[in-house]
Each structure stands twice: as structure tokens, then as C-alpha cells.
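Listed below are the residues making up each chain.
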Amino acid sequence: MKNKLQLRASVANTLSGRIRVPGDKSTSHRSLIFGALAIGTTHVSGMLEAEDVMATAEALKKMGVNIQKNGGIWQITGTGVGGLQKPTEPLDFGNAGTGSRLMMGVLASHNFSAKFTGDASLCSRPMGRVTDPLGEIGAHIYGDNNGMMPFTFSGSDNPLPIEYTLPMASAQVKSAILLAGLNVEGKTIIHEPIATRNHTEKMMKHFGADIEVFKSQDGGGNIIILNGPAQLYAKDVIVPADPSSAAFPIVAALITPGADILVEAVMLNPTRSGLIDVLRQMGGNIEFINEREEGGENVADLRVKYSKLKSVTVPAEHSSSMIDEYPILAVAASYAEGETKMLGLEELRVKESDRLAIVAKGLADNGVICKEGEDWLTVTGGKVKGGGFIDTKLDHRIAMSFLVMGLNAQYPIVIDDCSVILTSFPSFIEDMKKLGADFN
Ligand code: S3P
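Residues numbered from 1 in each chain as written. Predicted model: local features only at pLDDT ≥ 70, side-chain atom pairs only at ≥ 80, totals over all residues. Heavy atoms only, no water.

**Student:** Report on the overall build of the protein, specifying residues and quantitative values.
**Tutor:** In terms of regular secondary structure, the protein is built from twelve helices and 26 strands. Relative to the 2.2 N^0.38 estimate, which gives 22 Å for 440 residues, the radius of gyration of the protein is 21 Å and therefore close to what a compact globule would have. Dimensions along the principal axes, computed over C-alpha positions, put the protein at roughly 60 × 50 × 45 Å. Taking all 440 residues of the protein together, 58% fall into the buried category. Taking as baseline every contact in the protein between residues at least 6 positions apart, the subset at least 24 positions apart corresponds to 76%. Element-wise, carbon and sulfur atoms account for 49% of the exposed surface of the protein, whose accessible area totals about 16,400 Å². (Helix = DSSP H or I, 4+ residues; strand = E, 2+ residues; numbered from the N terminus. Rg over C-alpha atoms; globule rule 2.2 N^0.38 Å. Buried < 20%, exposed > 50% of the residue type's maximum accessible area, 1.4 Å probe, protein only. Contact = heavy atoms within 4.5 Å. Areas by Shrake-Rupley, 256 points an atom, 1.4 Å probe, with all protein chains shown as cover.)

Below you can see the structure in the form of C-alpha cells.
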């Protein structure tokens, strides 16, 4: 158990300076996994060295993958597709839904079993969305927690290719099935009615798999076809800065009077950049500087200045491109004039916490008028009273969002446990203090 870290966020004088947020969490998990499944040694720079990603590295080491850090570069010497060894100890994924679900995909087409476990948050998250399609491939789970972790996950000695339509917009489900398909004879076909983050498809291609992505006829989604089995070869990976982490300093600057900051090298992959579009629609002064390519992604430095925000309606179609950003958008909306409506939020119920409920409670406890529906949230913004006490429920993005909210609230906001931020953004508190934030 980690020690709890209670912090109080108070009004900041202003925010100024530059910040480069750490590497993208989604890309970091995948760089380790693809490196592990490739022949040869993969070099990764910009890796996110946070608890979630390190849990994936530890799990892979327990299955025979050699992972070392040399200078700033991570070196992963893979076993080849299908070459992982049965672990002798449980695989503990901590707080990480991505690490655990993607690894279930990998192990579905390995002929051994492994025990999957994690923290209280991860062990209460639904896994059927992954274990059901992996069951069609031939995997099984054995446990007594209603299909949730901890359980023993058993891969198949004769995995089958499947054609699967995603019942929810989830890159983790898509990725788990594709990772299983790497070691399956035949075509694994996925229909995703709504496009989700595409890091798995891009990295599979980069490592040499035969994978094609076609736009579906209505244009909103994709059809993905992977021809297995694949042979993957080591490739270097540059991990771009995480747009989901960049979201916190961006909103912090927008709501703090006088603020003017530069957020360096923010990834602009369209499957991830929904929040920036919405903040600009709200009147956010966000300027793109030096647009360029880094690690196969478009990136830009973002100059962000304090702005008088106005409310907006965020349609459901927008949600998959900013699914992790709703807690911090709700904070921006609390400072925006008028009523902001956010629709299509059903997936927020099954994140590291029930984010819809926790955000609505946190806003109300800080004097912000909001209404919560089954899959929507409305927030009436303006001035924020603050003074609330936030129980983060082991959710890093809740902790960071409410710390940011405190930067311009009338009374300080207290967060019960900021140690959870280590899962995705270990330098957050120090980096924000350097910009001028008052967290103590
Ligand atoms: C992720 C996908 C998303 C996101 C998560 C990371 C990924 O989850 O919320 O933080 O790396 O594939 P879902 O697939 O559940 O939407």
C-alpha cells in the first residue's frame, strides 16, 4: 500500500513558463508489448515511467522478456509472437485497465494460464467486454469475482480467428482482440462503429504485421483486418507527449487569470485531440506553434492563455476522441459562462472510478450547479466557490482535475489522496508548481 498524499489547491497568482508532459500512456504500454512480441531488440525513447506502464513491464519480465533501461532509452528484447513463457507468479497490473486488458489479448493465443490481479479499482472494473470475445477465440477465465479480476486467465492451444463488432467504443477491447489475432491462423476482423484511438493498428503495421484499416460505409467507424499469424520485427519507437496529461496544464492556464504557458509537443492524433477542439469552441485561446511530426504522430507546441470561456454542447460522437478528458472538461465548464452539455458518457461509468458520479459530486461539493444523467452531464459555470473535499476513489484523473479546479476557486479544494497521480503523471505536482500552481 502506498502512503496517501493529501493536498490542498489554492488560488494561483498566475501561471507562466513551459511544460513538457510525460510520454503517452497508451503508446508506452503498446511499445513494451510489441517489443516483447518482436524478434530482436526494440529501443523506446520518451517512455512514460509511471506505475501503470511499469506494471506492464513487470508482467512481461515475468514471462521471459528482457527489459532494461540504458540512459534514457528502454530496450526490449522480444520472444517473438507466441513466444512468451508461463509466469510462475501472479501478474499484478495495479490500477491499469489498458495493461491488463491488452495482456489478456496477448495471452489468449498463448497455451498457458496466468493469474491476473490489480488494485481495488481494477478489480471492480468489467472484464467481460474483453474476456467474452477472447472466449470466442478459445480463452477461458476461472475466478469467483463475477468475471472481474482477480482471476486465472487461460489461453488456447488452438486459437480461432474471429470477426467481431465492438458493442462499445473501446480501443482496449479492439486492441485485445487484435493482439490475440497476431498468433492466430487466418483473418481477425473487427468492425468498430465508432472510431477509437488507433495506436495498436499503427504500431502493428510499424512492427511488420499484415493489417489493413478501411473506413466503414457510414464513415464514422472502421473495419480492421489482420492476417495472422504475424512475424514482428524489432523497431524503434519514439513515444510522443500524452495529450490526456497535457489537458491538465491546458485547462489550468485557461481558467487562471493572466496565465500564459507553452505546453510542448502535444500529440494531435485526431483519435485523441477532441478536447482541444472543444476548448477552442468554448473560446479558449490555444495557439498551435511549430506543427511537426514526432514518432509517426503530428505534434505541436500549444501556447495557452487565460480566456473567458463560454459554454458548449459536446455531442456523443465526440466522446471517443476525448474519453479520458471529461473530468477536466467539467472543470473548464465550471468556469465557463452558461450551461455546458456533455452527451454520450456511458463509458465514464466504468473507468478507474465511476467518473460521471464522482465528477458530479465533486462539482456540487464545490458549489457548481450540475445535473447528472445515466450518460450525460450538464454544468452551469461562472465563478467557482470551492471549499470541497474530494475522495478520488483511486482515480488519477479525478485527483488532477480537482487540483486544477482549485487554482481559481474562492476557497481551497482539498484532495484526499494525490499519490494516485503516480499511475500516469508522476511529475504533475512539481511541474504545475513550477508554472506557479499553489498545491500544498
Ligand atoms: C485506452 C483506451 C481507453 C482509455 C484508456 C486508454 C487505450 O479505454 O480510456 O485510458 O490505451 O487503449 P477504453 O478502451 O475502455 O475506452
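**Student:** With reference to specific residues and values, describe the site of the ligand.
**Tutor:** Surrounding the ligand, one finds Ser26, Arg30, Thr98, Ala169, Ser170, Ala171, Gln172, Arg197, Ile323, Asp324 and Lys351. At 2.7 Å, a side-chain N or O of Ser170 approaches an oxygen atom of the ligand. The set of elements that each furnish at least two residues to the shell around the ligand consists of α1 (25-37) and α5 (171-181). Residue composition of the shell around the ligand, grouped by class: three nonpolar, four polar and four charged. Each of domain 1 (7-22 + 240-439) and domain 2 (25-238) gives at least three residues to the shell around the ligand. (Near = heavy atom within 4 Å. Polar contact = N/O pair within 3.5 Å; in protein donor to acceptor, adjacent residues only side chain to side chain. Nonpolar A, V, L, I, M, F, W, Y, C, P; charged D, E, K, R; others polar. Domains from an automatic or database assignment.)

**Student:** I'd like a rundown of the side chain of Ser321, residues and numbers included.
**Tutor:** Locating Ser321 in the fold gives a position in the loop between β20 (313-314) and α9 (326-334). Looking at Ser321, its side chain comes within polar contact range of the main-chain oxygen of His318, at 3.0 Å.

**Student:** Kindly report on the sheet that holds strand β22 (residues 369-372), identifying the contributing residues and their values.
**Tutor:** Spatial ordering of the open sheet is given by β20-β21-β23-β22, a layout of four strands whose pairing is mixed. Across the chains shown, the open sheet's two edge strands, defined by having one partner strand only, are β20 and β22. As paired strands, strand β21 (residues 338-342) and strand β23 (residues 377-381) are joined by five bridges and run antiparallel to one another. Paired with Met342 across the two strands is Leu377, which belongs to β23. Along the sheet face, helix α10 (residues 355-365) touches β22 and β23 and points at about 160 degrees away from the line of β22. (Pairing = 2+ DSSP bridges. Axes fitted to C-alpha atoms, helices over the stretch in contact; angles between N-to-C directions.)

**Student:** Describe the packing of aromatic side chains, naming the residues involved and giving the relevant values.
**Tutor:** A complete count under the given rule lists seven aromatic pairs for this structure. Taken together, Phe93, Phe116, Phe151 and Phe153 form an aromatic cluster joined through their ring pairs. (Phe/Tyr/Trp six-rings, centres within 6.5 Å; stacked < 30°, edge-to-face > 60°.)

**Student:** Describe the nonpolar core, listing the residues and the values that go with them.
**Tutor:** One finds Leu279, Leu329, Val404, Phe428 and Phe439 to be the most contacted residues of the largest nonpolar core, which totals 78 residues. Broken down by element, this core gets its largest block of residues, nine residues, from helix α7 (residues 243-255). Beyond its immediate chain neighbours, meaning those up to four positions away, Leu329 contacts Leu275, Val278, Leu279, Met282, Val314, Met322 and Met342. Judged by nonpolar contacts, the second largest core, of 65 residues, contains Ala57, Ile76, Phe112 and Ala230. (Core = buried A, V, L, I, M, F, W, Y, C linked by side-chain atoms within 4.5 Å.)

These figures come from the coordinates and say nothing about function on their own.
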